[in-house]
Amino acid sequence: MRHLRQLAVTATALLTLGGGAVGTASAAQAAVPFPSIGWQQRNCDYDGDGFDDVLSGAPGATVNGDPGAGYVTVQYSSSSGLSTTKKSVLHQDVSGVPGGAEAGDGFGGAVASGDLDNDGYDDAVVGVPGEDLTGLPDAGGAVVFWGSPTGLHGSDSTWLENDDPRAGAHFGRAVEAARYFAPDPADPDADPRDSIAVLENDALLFFTRTPGQVAQRLTMSDRGVRAGDVAPPGTGFEFRSLSHGNYNEDPWADLAVSGVTTGKQPGLGTVHVLHGAPDAGRLGDGGTFPGGPAVVSGDWDGTGQDDLVIGDTGAGAPTGGGITLYLGRGDLSGLEPEPAQYWTQDSPGVPGTSEAGDQWGAELSAGDTDGDGHPDLAVGAPGEDIGSVPDAGAVWVLRGDRTGFSGAGVKSFDQQLADIPGTAEKSDRWGGQVRLVDANRDGLFGLLAAAPGENTDDGFVWVLPASSSGLVAHGSWTYDGARLGAPTADARFGAAIDE
């Protein structure tokens, strides 16, 4: 029950979706078109060697006797691919990390990466949504680990929290980093760096490192509106997840923020898009879209601007779930208001059949699995029944093309395939987290498919290799927290993996 405000960074922008806090960005702000920043530009190279590393959360893990304290693992990649030996385990009992491990903290419940200080090394952001501050249970917090030539270390970390913390807010339930605005609006091209977007249950906050600061500190503004302002009449609203991309032709990252309704009509998914701008106070309204809560960005139609895929698994979704593709218009106006494509398991070419509870689209990730220059889409369905085994889970991969996705060559994977280690078991929820990663920088994105429910919630991650024909099951392998030198019991290892 530590009070961490003395460690907190100084309180750039608290914004929510709706009301007067979100303005319309002027077209004059875009000097030149800015390319896609979705799957093409990963930002998780913590040691600066040119290879994308992997940051994974195990929020249920017991740390030094405290159940649910949680940890994260960092796996450093090389030309040999993803490593299980060059790695580190970080939690709040590691020397230098603010606070201390406590039961129910959920450290690692959300993870993100970005270069927050423009030093060429990506930094990691770890959500701690169950953190208790003095007298405020589950107020939540987050820790920033600063990248360096030797990667991430507890001795170089910074605490984040809301300047006005509230009990049950779950600050850090989702985090995302990108260049949404300039640290100094008067000189927007000076000292560029990423900022952090942090979700609470009902608020979106932004943090940025102020220019000229010597210490690794970040700032947050005190203005904002609550998420309920975007809820349909008669309901409340709870934020769930984030994805960033560049949906229009300006130099700023845009942010897709998803959530679900609460109250009399609970569980309806909604996604709101914010357009980046030089000034955090002038973030533009990029539109509201049905569906969610899963979201992912990428340039599927090859216009140079990002598109948005929304996984529709909330209340009112089609049986079993689905995904919707919204294309960027290739100009300053952002995403088309009408969907370009809609897919379910009953779509032509997609293996399987839509069934209640499949949650097809509950998890999404973009990456080029076959080297053709188009991003493909991994779709997790953690509620999929495999044979008579309920909620064993499965993953599909849709091939990308100039139109978005093609029904040709769609693949599905689950633990019953002979080349995939393990056996489908009840409530494994295989595909509860999916990430496409190019760990060895060969231009082909392999799949990390997590089953947080494996071995009664211990959690495992499967690695499926890529080839010129896309993902293949042959050669797949698996690891858990124990292989990385971390606790395993009820850890829910892989419940969060950085996109």
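Residues numbered from 1 in each chain as written. Predicted model: local features only at pLDDT ≥ 70, side-chain atom pairs only at ≥ 80, totals over all residues. Heavy atoms only, no water.

- In the annotation of an unreviewed UniProt entry, the entry for the protein reads Esterase, and the organism field reads Streptomyces ambofaciens.

### Quick look at the overall build of the protein
Stage number 1. A tally of helices and strands in the protein yields one helix and 30 strands.
Stage number 2. Per-residue burial for the protein yields a buried fraction of 60% across its 499 residues.
Stage number 3. Of the accessible surface of the protein, which amounts to about 16700 Å², a share of 50% is contributed by carbon and sulfur atoms. (Helix = DSSP H or I, 4+ residues; strand = E, 2+ residues; numbered from the N terminus. Buried < 20%, exposed > 50% of the residue type's maximum accessible area, 1.4 Å probe, protein only. Areas by Shrake-Rupley, 256 points an atom, 1.4 Å probe, with all protein chains shown as cover.)

### Details of the nonpolar core
Stage number 1. Grouped together as the largest cluster of nonpolar side chains are 24 residues, with contacts concentrated most on Val-309, Ile-323, Trp-360, Leu-377, Trp-396, Leu-398 and Phe-405.
Stage number 2. Mapped onto this core, the elements with two or more residues apiece are β16 (293–298), β18 (322–326), β20 (363–367), β21 (376–381), β22 (394–401) and β23 (404–413).
Stage number 3. Residues contacting Leu-398, with those up to four places away along its chain left out, are Ile-323, Trp-343, Trp-360, Asp-376, Leu-377, Val-379, Phe-405 and Val-410.
Stage number 4. Of all hydrophobic cores here, the second largest spans 20 residues; its members include Leu-133, Val-143, Trp-159 and Ala-496. (Core = buried A, V, L, I, M, F, W, Y, C linked by side-chain atoms within 4.5 Å. Contact = heavy atoms within 4.5 Å.)

### Details of the pattern of salt bridges
Stage number 1. Taken as a whole and assessed by the stated rule, the structure comprises nine salt bridges.
Stage number 2. The partner of Arg-329 in a salt bridge is Glu-336, and the shortest N-O contact between them spans 3.7 Å.
Stage number 3. For Arg-329, a relative accessible area of 36% puts it in the partly exposed group.
Stage number 4. Classification of Glu-336 by relative accessible area gives partly exposed; the value is 34%.
Stage number 5. A salt bridge links Arg-399 to Asp-370, with the nearest nitrogen and oxygen atoms 2.6 Å apart. Of this pair, Arg-399 sits in strand β22 while Asp-370 is found in the loop between β20 and β21, placing the two residues 29 residues apart along the sequence.
Stage number 6. With a relative accessible area of 7%, Asp-370 lands in the buried category. (Salt bridge = Lys/Arg side-chain N within 4 Å of Asp/Glu carboxyl O.)

### Here's the deal with the pairing of strand β6 (residues 123–128)
Stage number 1. For β6, the tally of buried residues reaches six of six residues, placing the bulk of the element in the interior.
Stage number 2. Across the two faces of β6 the burial is the same, with Asp-123, Val-125 and Gly-127 and Ala-124, Val-126 and Val-128 all buried.
Stage number 3. Relative to β6, strand β5 (residues 110–114) is paired through five bridges, and the arrangement is antiparallel. By the bridge assignment, Val-111 is partnered in β6 with Val-126.
Stage number 4. Of the strand pairs in this sheet, β6 and strand β7 (residues 141–145) are connected by five bridges, and their pairing is antiparallel. Bridge pairing in β7 links Val-125 to Val-144. (Pairing = 2+ DSSP bridges.)

### With respect to the packing of aromatic side chains
Stage number 1. For the structure shown, the criterion picks out 12 aromatic pairs.
Stage number 2. Their ring planes at 70° and their centres at 6.0 Å tell us that Trp-430 and Trp-462 sit as a pair that is edge-to-face. Here Trp-430 is found in the loop between β23 and β24 (433–437), whereas its partner Trp-462 is found in strand β26 (residues 460–464), with 32 residues between them in sequence.
Stage number 3. You can call Trp-430 buried: its relative accessible area is 0%. (Phe/Tyr/Trp six-rings, centres within 6.5 Å; stacked < 30°, edge-to-face > 60°.)

### Comments concerning the sheet that holds strand β19 (residues 341–343)
Stage number 1. Strand order in the open sheet made by the four strands is β16-β17-β18-β19, with antiparallel pairing throughout. With partners counted over all chains shown, the strands left at the sheet margins are β16 and β19, one partner each. Going from strand to strand, the sheet's axes swing by 20° on average, the running direction of each strand aside. (Axes fitted to C-alpha atoms, helices over the stretch in contact; angles between N-to-C directions.)

### As for the environment of His-170
Stage number 1. Mapped onto the elements of the fold, His-170 is located in the loop between β8 (157–160) and β9 (174–178).
Stage number 2. Sequence separation of His-170 and Glu-200 is 30 residues, and the distance between their C-alpha atoms is 5.3 Å.
Stage number 3. Apart from the residues lying within four places of it in its own chain, the contact partners of His-170 are Pro-129, Asp-138, Ala-139, Gly-140, Leu-199, Glu-200 and Asn-201.
Stage number 4. Among the polar contacts made by the side chain of His-170, one reaches the main-chain carbonyl oxygen of Gly-168 at a distance of 3.1 Å.
Stage number 5. A polar atom in the side chain of His-170 sits 3.2 Å from the side chain of Asn-201. (Polar contact = N/O pair within 3.5 Å; in protein donor to acceptor, adjacent residues only side chain to side chain.)

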